[in-house]
Amino acid sequence: MKREETVSVVWSGAWVAERLGVGLVGDAELSALLGLALRRNPKRAHLLVSNVLGKHVPQSPSVVYDAGYGLGEQVRKLLGDEEAARAVVLGYAETATGLGHSVADGVALAPYLHSTRRPVDGVERAGGFEESHSHATSHLLLPEDPALLAGDGPLILVDDEFSTGNTVLNTIRDLHERYPRERYVIVALVDMRSEADRERFDRFAEEIGAKVDLVALASGTVRLPEGVLEKGQALVAEMEALAPRTAPGAGTEALTRAASGDALRGELGPVAQAGAIDGAPGEALAGGAEPETWGASGEAASGGAGSPAHARVELGWPSGVPDGGRHGFTAVHRAALEAALPAMAGRIAEAVGEASRVLVLGFEELMYAPLRLGTALEQALDADVRYSTTTRSPVLAVDDPGYAIRTRLVFPAHDDPADGPGERYAYNVAGAGFDAVVAVVDSAADTPQLHAPDGLLAQLAVHVPHVVLAVVPSYVPQEPQAPEAAEAPERASMLPEPLRGPAFSSYAPDEVGWLLQDLSEVDLEAPTEEREEAIQSGGAHYAESLPVEYQPSAQYQELFKSALEMSAARIARAVGTVTETVIAERSPRPVLVSLARAGTPVGVLMRRWAQHRHGLDLPHYAVSIVRGRGIDANALRWLQQHHDPADVVFVDGWTGKGAITRELADALEEFEGFNPEIAVLADPGGCVRTYGTREDFLIPSACLNSTVSGLISRTVLRADLVGPNDFHGAKFYRELAGSDVSEHFLDTVAARFDEVATAVDAEVKELLAADRAPTWEGWAAVERISEEYGIHDVNLVKPGVGEATRVLLRRVPWKILAKRGAGADLDHVRLLAEQRGVPVEEVDELPYTCVGLIHPQYTRGATGADGKAVSAL
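Residues numbered from 1 in each chain as written. Predicted model: local features only at pLDDT ≥ 70, side-chain atom pairs only at ≥ 80, totals over all residues. Heavy atoms only, no water.

K.L.:
Looking at this structure, how should I read the overall build of the protein chain?
P.N.:
Within the protein chain, the regular secondary structure consists of 23 helices and 34 strands. Of all 873 residues assigned to the protein chain, the portion counted as buried reaches 61%. In the protein chain, once contacts between residues fewer than 6 apart in sequence are set aside, the share between residues at least 24 apart is 76%. As displayed, the protein chain offers around 32,400 Å² of accessible surface, 50% of which is attributable to carbon and sulfur atoms. (Helix = DSSP H or I, 4+ residues; strand = E, 2+ residues; numbered from the N terminus. Buried < 20%, exposed > 50% of the residue type's maximum accessible area, 1.4 Å probe, protein only. Contact = heavy atoms within 4.5 Å. Areas by Shrake-Rupley, 256 points an atom, 1.4 Å probe, with all protein chains shown as cover.)

K.L.:
Would you mind showing me how to read unusual backbone geometry here?
P.N.:
Excluding glycine, a negative phi dihedral is what most residues carry, and trans is how most peptide bonds are arranged. Residues Ala-93 and Glu-94 are joined by a peptide bond in cis, for which omega reads 0°. Relative to the elements of secondary structure, Glu-94 occurs in the loop between strand 4 (88-91) and helix 5 (97-107). Pro-502 follows Gly-501 through a cis peptide bond whose omega is 5°. Of note, Asp-416 is a non-glycine position whose phi angle comes to about 50°, a positive value. Within the chain, Leu-711 stands out as a residue other than glycine whose phi angle is a positive 65°.

K.L.:
Honestly, the sheet that holds strand 19 (residues 466-472) in this entry has me stumped. Any pointers?
P.N.:
Neighbouring strands of a sheet are bound in pairs by backbone hydrogen bonds; such pairs are parallel or else antiparallel. Spatially, 13-19-18-14-15 is the arrangement adopted by the five strands of the open sheet, whose pairing is parallel. The open sheet has two free edges, formed respectively by strand 13 (311-313) and strand 15 (384-390), since each of these has just one partner strand. Put simply, the sheet's adjacent strands are angled 25° from each other on average, direction ignored. As paired strands, strand 14 (residues 357-363) and strand 18 (residues 436-442) are joined by four bridges and run parallel to one another. What sits directly across from Leu-361, in strand 18, is Ala-439. (Pairing = 2+ DSSP bridges. Axes fitted to C-alpha atoms, helices over the stretch in contact; angles between N-to-C directions.)

K.L.:
Looking at this structure, how should I read the sheet that holds strand 4?
P.N.:
Taking strand neighbours across the sheet as the criterion, the six strands line up as 1-10-9-8-4-5 in an open arrangement whose pairing is mixed. Of all strands in the sheet, those with a lone pairing partner are strand 1 (23-26) and strand 5 (112-114), marking the two edges. Across this sheet, the average inter-strand angle for adjacent strands is 25°, counted without regard to direction. Sheet topology places strand 4 next to strand 8 (residues 155-162); four bridges connect them, and they run parallel. In the sheet register, Gly-91 faces strand 8, and the bridge partner there is Val-158. Taken strand by strand, helix 5 contacts strand 4, strand 5, strand 8 and strand 9 (183-191), and its axis lies near 135° from that of strand 8.

K.L.:
I keep staring at the pairing of strand 18 and nothing clicks. Help me out?
P.N.:
Side chains on a regular strand alternate between the two faces of the sheet. For strand 18, the buried fraction is high: seven of the seven residues fall into the buried class. Residues Ala-436, Val-438, Val-440 and Asp-442 line one face of strand 18 and the alternating positions Val-437, Ala-439 and Val-441 line the opposite face, and both faces are buried. As paired strands, strand 18 and strand 19 are joined by seven bridges and run parallel to one another. Residue pairing in the sheet places Asp-442 in a bridge with Val-472 of strand 19.

K.L.:
What exactly am I supposed to notice about the pattern of salt bridges here?
P.N.:
Close approach of charged atoms allows side chains with opposite charge to pair. The tally for this structure, following the rule as stated, stands at 43 salt bridges. Of the charged contacts in the structure, one is a salt bridge between Asp-446 and Arg-312, with a shortest N-O distance of 3.1 Å. Separated by 134 residues along the polypeptide, Asp-446 in the loop between strand 18 and helix 11 (448-451) and Arg-312 in strand 13 bring together distant segments of the chain. Residue Asp-446 is classed as partly exposed on the basis of its relative accessible area of 25%. Among the ionic pairs, Asp-323 bridges to Arg-326, the shortest N-O distance being 3.6 Å. (Salt bridge = Lys/Arg side-chain N within 4 Å of Asp/Glu carboxyl O.)

K.L.:
Please explain helix 5 as it appears in this structure.
P.N.:
Because an α-helix packs 3.6 residues into every turn, residues spaced three or four apart end up facing the same way. Counting buried residues along helix 5, eleven of its eleven residues qualify, which places the element largely inside the surrounding structure. Those residues of helix 5 that sit buried are Thr-97, Gly-98, Leu-99, Gly-100, His-101, Ser-102, Val-103, Ala-104, Asp-105, Gly-106 and Val-107. Positioned one or two residues after helix 5, Ala-108 has a phi angle of 75°, which is positive.

K.L.:
Quick question: what am I supposed to make of the packing of aromatic side chains here?
P.N.:
The geometry of two aromatic rings is summed up by the distance between their centres and the angle between their planes. A complete count under the given rule lists eleven aromatic pairs for this structure. With a centroid separation of 4.9 Å and an interplanar angle of 75°, the aromatic rings of Trp-609 and Phe-753 are classed as edge-to-face. A residue pair is termed long-range when its members are at least 10 positions apart, and Trp-609 in helix 16 (residues 599-614) and Phe-753 in helix 20 (residues 753-768) qualify at 144 residues. For Trp-609, a relative accessible area of 0% translates into the label buried. Under the relative-accessibility criterion, Phe-753 is labelled buried at 1%. (Phe/Tyr/Trp six-rings, centres within 6.5 Å; stacked < 30°, edge-to-face > 60°.)

K.L.:
Any chance you could explain the nonpolar core here in plain terms?
P.N.:
Looking at soluble globular proteins, one finds that nonpolar side chains tend to be buried together. Leu-38, Ile-156, Val-352, Tyr-403 and Leu-460 are the most contacted members of the largest nonpolar core, which has 139 residues in total. At nine residues, helix 9 (residues 331-352) tops the list of elements feeding residues into this core. Core analysis: the second largest hydrophobic core is formed by 73 residues, Ala-574, Leu-616, Ala-730 and Ile-816 among them. (Core = buried A, V, L, I, M, F, W, Y, C linked by side-chain atoms within 4.5 Å.)

K.L.:
When you look at the packing of helix 3 (residues 61-79) against helix 5 in this model, what are you seeing that I'm missing?
P.N.:
Packed helices, taken two at a time, are described by their axes: the angle between them and the distance between them. Two elements in contact, helix 3 and helix 5, have axes whose closest approach is 6 Å; the angle formed by their N-to-C orientations is 45°. With respect to helix 5, the axis of helix 3 lies oblique. Relative to helix 5, the crossing made by helix 3 is right-handed. Residues Tyr-65, Gly-68, Tyr-69, Leu-71, Gly-72, Glu-73, Val-75 and Arg-76 of helix 3 touch helix 5, and the partners they reach there are Leu-99, Ser-102, Val-103, Asp-105, Gly-106 and Val-107. By residue class, the composition of the contact of helix 3 with helix 5 is seven nonpolar, four polar and three charged. (Parallel < 35°, antiparallel > 145°, perpendicular 65-115°, else oblique. Left-handed = near helix turned anticlockwise from the far one by under 90°. Nonpolar A, V, L, I, M, F, W, Y, C, P; charged D, E, K, R; others polar.)

K.L.:
Could you clarify how one ought to interpret helix 3 in this entry?
P.N.:
The terminal C-alpha atoms of helix 3, which comprises 19 residues, lie 27 Å apart, in line with the 27 Å expected from a rise of 1.5 Å per residue. Those residues of helix 3 lying buried are Pro-61, Val-64, Tyr-65, Ala-67, Gly-68, Leu-71, Gly-72, Val-75 and Leu-79. The arc that holds every buried residue of helix 3, seen down its axis, measures 155°, which confines them to one face. (Expected span 1.5 Å × (residues − 1). Arc of directions from axis to C-beta.)

K.L.:
Is there a simple way to explain a negative patch on the surface in this structure?
P.N.:
A surface patch of like charges, here negative, comprises Asp-121, Glu-124, Glu-669 and Glu-670. Within the secondary structure layout, Asp-121 lies in the loop between strand 5 and strand 6 (127-130). The exposed category is assigned to Asp-121, whose relative accessible area is 62%. (Patch = residues over 30% accessible without salt bridge, like charges linked within 9 Å, V, L, I, M, F, W, Y side chains within 5 Å. Lys, Arg positive; Asp, Glu negative; His and termini not counted. Charge placed at Lys NZ, Arg CZ, Asp CG, Glu CD.)

K.L.:
I would appreciate a short explanation of the pairing of strand 3 (residues 47-50) in the present structure.
P.N.:
Because side chains alternate across strand 3, one face comprises the buried residues Leu-47 and Val-49, and the other comprises Leu-48 and Ser-50, equally buried. Across four bridges, the pairing between strand 2 (residues 34-37) and strand 3 is antiparallel. Within strand 3, the residue paired with Ala-37 across the bridge is Leu-47.

K.L.:
Even after reading the chapter, I still don't get the packing of helix 9 against helix 10 (residues 368-380), so can you show me in this structure?
P.N.:
Contact geometry of helix 9 with helix 10 gives a least axis separation of 8 Å together with a crossing angle of 65°. What the angle tells us is that helix 9 and helix 10 run roughly perpendicular. At the point where helix 9 passes helix 10, the crossing takes the right-handed sense. On helix 10, the residues that touch Leu-337, Glu-338, Leu-341, Met-344, Ala-345, Ile-348 and Ala-349 of helix 9 are Tyr-368, Arg-372, Leu-373, Ala-376, Leu-377 and Ala-380.

K.L.:
Would you take a moment to explain the confidence of the model for the protein chain for this structure?
P.N.:
Detailed reading of predicted coordinates is not advised where the pLDDT is low. The share of residues in the protein chain with pLDDT of 70 or more is 83%, and the mean pLDDT across the chain is 81. Ranking the elements of the protein chain by mean pLDDT puts strand 12 (residues 254-255) last with 34 and strand 14 first with 98. For residues 1-8, every residue scores under 50 in pLDDT, and the model assigns this stretch 19 contacts once sequence neighbours within four places are set aside. The model gives residues 860-873 a pLDDT under 50, and that stretch makes 29 contacts with residues more than four places away or in other chains. (pLDDT = per-residue confidence, 0-100.)

Here it is as structure tokens:
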């Protein structure tokens, strides 16, 4: 039973609204549902913060649950019981996993599934899509039952906020192609679309011939006054100046009190006089008290160094009930969980004892289980129970009652995320007056990082006297049957032999075998602007068409030749280093498999090095991999049939943010024996451990398209051209033979092999003894740039010289960010940018030599995130 609360009358958006003039226009409920905060960057003015989602703002669990459950009841009333029983509810990770599950409970008759960023061994994807948001881009759909999404009943899609509608459109488009249905229902807490977005959504519904309804608690728009970006930049700079950084511990940061002195006292509870907003081990506690530490039994205990003490409560989670909707959650699961909740809440109540203000803290995608434990705990305790969850999303904290994010804890990720390590956050926990916190994680996240001195539990212990850990067992789906596995060798033997030059490509036949099909006679090219508009609107995937091949001017060709002469020795050294590392660590006779097409020139050079230095005649093939669609499975079957998968080494040109690295790792989960680690010439993104260099420098093979890659196009994957037993496709541009410099590039670099041999031997010796674990710093930089420049889609940020060049050659570029002082490595980038009318902005502290930004939300005649029109192309 919950104690009486004092409800603050201060709107948690007032602080931002007063300073920036930002306002909410719409239903009267909007200000009750939403607050405002500042994103921690100088080029994005505001962030909408929900008061009933249970993510950033601790809220009564019953309030959070009732918001979602009530929306579900509205959906059931809209559909009727018969249609509701045929429906499936789909929620979005990470923010809406709990909301979507609550909606499913309200619908009552439909199973639930949520998207996930966590790949799971043995579970086949039923779909996937991209979200236009920098902190949650790649979504996987991993139902245990492959038929869950295959029905033709209504699909109910749930997100916390419906802003542009891009994410929903991407999802519907992806699933409608696989499982067409007649009706969709979109559910959100708030509908904040513009009139143009509403019209676009209506056109989309007509296009696919389906009925699309929307259910929301409130609707409206955000009023952005003129000059809001500049004002926001100045305000963030002011706040950061008032919040000097300290260094409390590895992977954390601290911000001192930033705004209203003791304003937090009495609003969220007592805080330290020192005013620590971001907590870390060793900082002052509320009132200067030391935290009481608790042992595994729940008894008071003293924590040893490096191992913060806490209570661990055994929940007694019901057997066979999933921890959430990652693999599907049915009515049977729901009934079993409801029956077990009172007993689990009783065990938690015993662990927190006489606490009067308790926070149940969930973990990223794990929102529903802690939410329901919280609702049950409200009934079991005579205390004020609140609920929120940790998150990946970075937001500026300001200590003012009119601001939505009052305090922030920072700690390292503790679930071994597929996209690499990074910071995680818990908001409005420090200084909120909680005397007990129940941290609820799944068993996959109960790792040493969780218990480390700078981990989440230690951070919580600084600010809350009693820390209780509750671990929900991670649900592991049963191993699916694979009836086609026995057919794989037969299917592989039916696949054609690799294509080779001169019939396909200008490379010599022994240099590379292309595991592709020849689509040279198919008209696949489309104007750059037309492709960009189709890709960003969700109307097409980038691999379904080809850009028109760039024809270099005489000036650009001369620039390429001079750049090649300047960098040939550096490239030769990187080729030698990565090849020797592969031979030493991976296989004495590796089978090189380059990722077409950027990896193919590198694979040829590695083959030449092995032959020159060791007399090895290494096999080399090129295969297709497509972001969002995976690697060519038939090419892998062919390789399994002809080589030992353990000898296969995948090769690429360079890393940017690591998207292809993750794509390959995900794709290979279905194939035994392959090592998913990629060997690259350059790893500026810190995404792999086998590389020639981690410098971001000009690799001339990135300067051109097919004319430096054997006259082969990028690969194509389109359903009407590539059947289930076909290799992916590509074109051979025979007509460009007069401009081909592929062999010239290879010969120029190979001529420097002897010159760099001594340096390679010394460098390889050092690398083999060094810690080369991926740092993923490139991904973190891309997320930061995406936020700072108001793009909110990491797929439109292309880091590194090679990727920036591709933006200028193939996409609609918005601007180029160049590291201040970068020299000749960027001459070709500057020339291309000048030819296309694209500004080059010099910046400090850029981890790459340059970064290319694709025009955000491009349509012909569109404006960018800065409100300016696209430069004429």
